[in-house]
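# Remarks on the overall topology
Chain residues, written in single-letter form:
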Amino acid sequence: MTIDLSKAKELKRRADRGEKLTPEERNYLDRALEIVRSRRAGPQGGADAKAPPPGDRQPRPTFADVKYGPHERNTLDFWQAPSEQPTPVVVFIHGGGFVQGDKRMGGNPEYLRHGVSVASINYRFSTHAIFPAPFLDCARAIQFLRSKAGPWNIDPRRIASTGGSAGGGMSLWLAFRDDLAEPDSDDPVARQSTRLSCVAVRNAQCSYDPRFIKSIIPGSAYKIVNLVKLFGMRDADEIDSPPAEKVRLFEAASAIRFLTPDDPPVFLAYGGVAVDHLPPNLDAGAGIHHPMFGKVLKEKMDELGIECVFRATRQELSSSPTEQEFVLKHLGRAGESRPESKPAR
């Protein structure tokens, strides 16, 4: 995607003033912000903040476009950190409202300097298959990486997931769901665990249940077109009176429902909007990325005694620990840094 910076800045100014953007404008702004964040180099950036676009400073993957499942979108890139010992892995799951996005949007090579390998995955869109297909693809990618522990020098006990928006929401879903491993499966990949060591996400939704979203976010976020497509609804009005089979999907897509005391620590970062900024006519695009999702999740994690770092304001976003510091700590790499070197080929 080529960014028109003047257009993106104007959309950002309008959104900051509380003006309602069209779905197309909101999607354009979200994509532009993802790409701008990826171009901002710096060890204190987000988990994918150091990743320039293809053809820039992004190193070539050690293994590119590796198939982890049968669908054409079931591919991943893997950057192997140079190490004599098995390395932890940070997995990037891109955003895009379940209808767009690509693994090329993420994958922070800064982690390689800390002895942490990096993976970036694609998954089916809701236009290919409705929930839970995209979520299960992400789980399958985690299992596939664990199945490569030997040849790719991976420590299967230390895997983190990162991502923004939909990628963040699916990371939380993986973190809180019971292990999806099938120990008796004939498929060696399916026998692998889907559990994570930690999660660090941006603008993430802790639930995709429209009823939950409506209860915490005013406006029309609960019936945003992306949710209509995710659940295969006829139209937005059906969300208000869903059939029983759709209610079951709503409940299964709510990560916060699965939260238990044995779940991994989480880092939550949002786009600088105040948590109490909740006007009754809140734009759907702004509402679906609102820090209230993070506030509610942190409150529940605090009750259960699970570490949760929550950043909402711009001042908080620059405080310590940063997203990268958080991930390195929970992967056992805090304070470790290595000289710049090319990833193993």
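Everything below is about the structure printed above this text.
The following refers to the structure shown. (Residues numbered from 1 in each chain as written. Predicted model: local features only at pLDDT ≥ 70, side-chain atom pairs only at ≥ 80, totals over all residues. Heavy atoms only, no water.)

### Details of the overall build of the protein
Looking only at helices and strands, one finds eleven helices and eight strands in the protein. Long-range contacts, defined here as pairs at least 24 residues apart, represent 71% of the contacts in the protein between residues at least 6 apart. (Helix = DSSP H or I, 4+ residues; strand = E, 2+ residues; numbered from the N terminus. Contact = heavy atoms within 4.5 Å.)

### Overview of the nonpolar core
Counting residues in each nonpolar core, the largest one holds 72 residues, and the members touching the most others are Leu76, Leu172 and Phe231. Those residues within four positions of leucine 172 in sequence are excluded, and the remaining contacts are Val199, Val201, Ala204, Gln205, Cys206, Ala255, Val266, Leu268 and Leu297. Residues Leu112, Val116, Ala160 and Ala269 belong to the second largest nonpolar core, which totals 17 residues. (Core = buried A, V, L, I, M, F, W, Y, C linked by side-chain atoms within 4.5 Å. Buried < 20%, exposed > 50% of the residue type's maximum accessible area, 1.4 Å probe, protein only.)

### A closer look at unusual backbone geometry
Between phenylalanine 131 and proline 132 the backbone carries a cis peptide bond, its omega angle lying at 15°. Structurally, the position occupied by proline 132 is in the loop between β4 (117-121) and α3 (133-147). Residue proline 321 follows serine 320 across a cis peptide bond; omega there is 5°. Within the fold, proline 321 resides in the loop between α10 (314-317) and α11 (323-330). The backbone of aspartate 65 shows a phi angle near 55°, a positive value even though the residue is not glycine. Mapped onto the fold, aspartate 65 is located in strand β1 (residues 63-67). With phi around 70°, phenylalanine 98 is a residue other than glycine that occupies positive phi space. With respect to the element layout, phenylalanine 98 can be found in the loop between β3 (87-93) and β4.

### Some thoughts on the packing of aromatic side chains
Using the criterion set out here, one finds 15 aromatic pairs in the structure. Relative to tyrosine 208, the ring of phenylalanine 135 has its centre 5.9 Å away and its plane inclined at 85°; by these criteria the two rings are edge-to-face. With phenylalanine 135 in helix α3 and tyrosine 208 in the loop between β6 (198-202) and α5 (210-216), the pair connects residues that are 73 residues apart, well separated along the chain. Given a relative accessible area of 3%, tyrosine 208 falls into the buried group. Ring centres 5.9 Å apart and planes at 75° place the aromatic pair phenylalanine 144 and tryptophan 152 in the edge-to-face group. Each of the two residues, phenylalanine 144 as well as tryptophan 152, counts as buried. The ring of phenylalanine 258 is capped by arginine 177, whose NZ or CZ atom sits 4.7 Å from the centre of that ring. (Phe/Tyr/Trp six-rings, centres within 6.5 Å; stacked < 30°, edge-to-face > 60°. Lys NZ or Arg CZ within 6 Å of the ring centre and 35° of its normal.)

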